[in-house]
Every structure is written in structure tokens, then in C-alpha cells.
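A look at the structure
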Amino acid sequence: RIPVVSPQALEDQYSPSHWSPRLDRDTIIDAHVAVMAAGTERARASAQTSLHVPYGHGDGEKLDIYFPTDPSETFPVLVYIHGGYWQCLSKDHSGFAAPPLVSQGVAVVAVGYDIAPKGRCCPAEAAAACVAQCPPTLPFVLCLGHMDTMVLQVRRSLVFLVERYPRIRGIYLCGHSAGAHLAAMVLSTDWTEFQVVPDIKGAVLVSGVYDLEPILHTYVNDALNMSREVAQRNSPMRHVTPAEPAACEVLVAVAQHDSPEFRRQSQEYSQALRAAGWSVSLLDLAGVDHFDVIEKLSEDSYVLTQV
């Protein structure tokens, strides 16, 4: 649903930098990027890694893998999907959460995808290769930076992981902001189209957007250029499927200092999952905003790290 508010009020609701009590709106995003980049640099220096592993032919279709310090014969993997309103950040800012987890025997995979605005479609040869790997029923052309493509890329990254790394014992999704949206779209996937069913054990969705329609009426859509049809097709709220017996557990987390709209979206999506029979918890994290709610995953003692 779209809140009945003025256009400016809607813009404010979907501007996370306006709601932090820590820093002003002009500096918090730069500070956030710096924290994520520094944390990722530390993680790359301290862990065994495979960086820039291609899972497809798109420019952004690459993974960074942080392997467990003492891997057992098999190991669980946390797949991290970055935020940035589908138009900034990258996997190169997304390894910050690895150190506490790899020390406990968990691999961490940071997923890259082609963010907007790219303003172009795949080169002909890459597009042909992309289409050859994709279900023939897809109703759209692969265009880099398009919402349909970003959702497909994240799904295909999981298929690649399952096929490439048979030692993986269970996948746990973690997405922040726009990444939480993409992780939620993974939960609505019909895997029969991919002929592979990833063993998804859990999903941690942090400060996400689950209904894209309000976004159409904000500055965020200037780069995304979504139509109403595209927004509806890619809104997890509109595609909650009945939970199957093997459905994963879902944790929907929201920050105290997220905007009321972000908090509403988290509450309503968790309610929709619960109504469809999913095992879902809503975690309201005190004392954090839209940015440090995820930055603190680099800390062993942080409640979300422990969960």
C-alpha cells in the first residue's frame, strides 16, 4: 500500500539517512560506506578467500567467498546480499561480517549483482549466454541494472553455489535494505525452473523493503525506472507462498531508528509470512539505525551476529 502523505513526506520516509540520531544526513552514508569497506578489507586480510568468482556473464555477476578457518567435511554458508537501494555499494563492501562467522566454521559468500543505473543491455554474446542459462519462460529481456535482472542474478548465484561447492551444508540468507528485498524474493522462487533446489535453512532480512510500489513515487525510482508492473512483480509482499514442510526459518529485523515506513514494511511482511504458515520472528533492535544495524555484524557480541 502507498501511505497517504505528501510527496515530500513519502520521500523522507524512504530516505534512511534522514532518521539516524548519530550523524547528519550528509555524512552518514559516506561514513557507512567507509565502515563497510574497512571491515571488508580486514576480512580479506584475515580469511582464506576466493574473490571475484564468476557465477554468470554479467559485469556484476561475481562472488567473494570467505572460507571457514577450520572447515569440517561440510560447512554451512551465509550468503550476504548488500543494500544500497539497488544502485550503489557492491560485494567489495560486503565481507565485513565474515570474521566472527568464519571463526565458527561458517563460510560467508558476498553476492555481486548488476546495480542500476547501467543504462544498457548485455552485449549480444553475453546476453545469449545469459538466456541460455535461464528458464525459457522468463517474460523479459535481461537488461543490466533492471530489477527483474537483479532478482534473477541473486537466484542464479545460489544455483551456482550449490552446483560448484557440494560441501555446503545448508544456506542461510542475509540481506540488508535492498539486499533484504532480494533475499525475500529468493524465498518466493519456483526452483523447478532452475532444476536445482538450494537447501535454504534460514533467512535474516534486515531493514528491508518488501513492497516496491511506494518506491515508484520517490527519487529512488529515478535510477531504477520501474513500471508499476515491474514493482508488483518484484514485491515479496505480493508473492508470499504457503510454507512447505521444509520451509526455512525467517528472521525479519528492523532498527529502532528506521523510518516508520521501513518499520511498517517489516512488520507487515513478517505478518504475511506468518499467515502463510512460515516460521518467522520479528526482531526490533534497540539503539541502532538503518546503517549500524548491519555494520555491527562485524562484532562477535552483537545480538544479530549471535542469532
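In short, a report on the structure.

Reading the values: the criteria
Residues numbered from 1 in each chain as written. Predicted model: local features only at pLDDT ≥ 70, side-chain atom pairs only at ≥ 80, totals over all residues. Heavy atoms only, no water. Core = buried A, V, L, I, M, F, W, Y, C linked by side-chain atoms within 4.5 Å. Buried < 20%, exposed > 50% of the residue type's maximum accessible area, 1.4 Å probe, protein only. Helix = DSSP H or I, 4+ residues; strand = E, 2+ residues; numbered from the N terminus. Contact = heavy atoms within 4.5 Å. Pairing = 2+ DSSP bridges. Axes fitted to C-alpha atoms, helices over the stretch in contact; angles between N-to-C directions. 1 Å grid on protein atoms, 1.4 Å probe; cavity = no way out; pocket = protein on both sides within 12 Å on 5 of 7 lines; lining within 4 Å. Points joined across faces, edges and corners; volume = space filled by probe spheres on them. Nonpolar A, V, L, I, M, F, W, Y, C, P; charged D, E, K, R; others polar. Polar contact = N/O pair within 3.5 Å; in protein donor to acceptor, adjacent residues only side chain to side chain. Salt bridge = Lys/Arg side-chain N within 4 Å of Asp/Glu carboxyl O. Phe/Tyr/Trp six-rings, centres within 6.5 Å; stacked < 30°, edge-to-face > 60°. Parallel < 35°, antiparallel > 145°, perpendicular 65-115°, else oblique. Left-handed = near helix turned anticlockwise from the far one by under 90°.

Brief notes about the nonpolar core
In terms of nonpolar packing, the biggest core is built from 64 residues, with Val79, Trp86, Leu173 and Leu205 touching the most fellow members. Considering every element that reaches this core, the biggest residue donor is helix H5 (residues 147-164), with 9 residues. For Leu173, the residues in contact, after removing those within four places along its chain, are Leu78, Val79, Leu158, Ala183, Val186, Leu187, Ile200, Gly202, Ala203 and Val204. Listed in part, the 26 residues of the second largest apolar core include Val106, Val108, Val206 and Ala255.

Observations concerning the sheet that holds strand E6 (residues 200-206)
What the 8 strands build is an open sheet, ordered E1-E2-E4-E3-E5-E6-E7-E8; its pairing is mixed. Both outer strands of the open sheet, strand E1 (48-54) and strand E8 (279-285), are each paired with one neighbouring strand and no more. The sheet shows a mean angle of 15° between the axes of neighbouring strands, direction not considered.

Focus: the layout of surface pockets
Volume-wise, the largest pocket comes out at about 590 Å³. Val204, Leu304, Thr305, Gln306 and Val307 are the residues nearest the centre of the largest pocket, which is lined by 26 residues in total. Listed by contribution, the elements that provide at least two residues to the lining of the largest pocket are strand E3 (75-81), helix H3 (98-102), strand E5 (168-176), E6, strand E7 (249-255), E8 and helix H11 (303-306). Looking at the lining of the largest pocket element by element, the count peaks at 4 residues for E6. Across the lining of the largest pocket, the residue classes break down as 16 nonpolar, 7 polar and 3 charged. Only helix H6 (178-187) and E6 provide two or more residues apiece to the lining of the second largest pocket.

Section: the environment of Asp92
Within the secondary structure, Asp92 is located in the loop between E3 and H3. The class of Asp92 is partly exposed, set by a relative accessible area of 36%. For the pair Asp92 and Met36, spaced 56 residues apart in sequence, the C-alpha to C-alpha distance is 8.8 Å. Asp92 has contacts with Thr40, Arg44, His52 and Asp64, leaving out every residue within four places of it along the chain. Separated by 2.8 Å, the side chains of Asp92 and Arg44 make a polar contact. Of note is the side chain of Asp92, whose polar atom sits 3.0 Å from the side chain of Lys91.

A word on the pattern of salt bridges
The final tally for this structure, using the stated rule, is 15 salt bridges. Put simply, Arg156 and Glu61 hold a salt bridge, and the shortest N to O gap is 3.0 Å. Here Arg156 is found in helix H5, whereas its partner Glu61 is found in the loop between E1 and strand E2 (62-67), with 95 residues between them in sequence. Glu61 gets classed as buried once you look at its relative accessible area, which sits at 2%. Among the ionic pairs, Lys91 bridges to Asp92, the shortest N-O distance being 3.0 Å.

What to know about unusual backbone geometry
Following Ala116, the chain continues to Pro117 via a peptide bond in cis, the omega torsion being -5°. With respect to the helices and strands, the residue Pro117 is situated in the loop between strand E4 (107-111) and helix H4 (124-133). Of note, the phi angle at Tyr85 is positive, near 55°, even though the residue is not glycine. Summarising the element assignment, Tyr85 is placed in the loop between E3 and H3. Using a relative accessible area of 10% as the deciding quantity, one classes Tyr85 as buried. The backbone of Leu89 shows a phi angle near 65°, a positive value even though the residue is not glycine. With respect to the helices, strands and loops of the structure, Leu89 is situated in the loop between E3 and H3.

Some remarks on the side chain of Ser207
Relative to the helices and strands, Ser207 is located in the loop between E6 and helix H7 (221-224). Residue Ser207 is classed as buried on the basis of its relative accessible area of 0%. Discounting chain neighbours no more than four positions away, the residues touching Ser207 are His176, Ser177, Ala253, Val254, Ala255, Asp258, Phe262, His290 and Val293.

Some thoughts on the packing of aromatic side chains
In this description, a pair of aromatic rings is defined by centroid distance and the angle of the planes. Taken as a whole and assessed by the stated rule, the structure comprises 7 aromatic pairs. For the pair Trp191 and Phe194, a centre-to-centre distance of 5.5 Å together with 55° between the ring planes defines the contact as tilted. Each member of the pair, Trp191 as well as Phe194, carries the same accessibility label: buried.

Here's the deal with the packing of H5 against H6
In contact at an axis separation of 10 Å, H5 and H6 are set at 65° when each is read in the N-to-C sense. On the basis of the axis angle, H5 is roughly perpendicular to H6. In terms of crossing hand, the pair formed by H5 and H6 is right-handed. Facing H5, whose interface residues are Met147, Met150, Val151, Val154, Arg155 and Leu158, H6 presents His181, Leu182, Met185 and Val186. Within the contact of H5 with H6, the residues separate by chemical class into 8 nonpolar, 1 polar and 1 charged.

On their own, these measurements won't tell you what the molecule is for.
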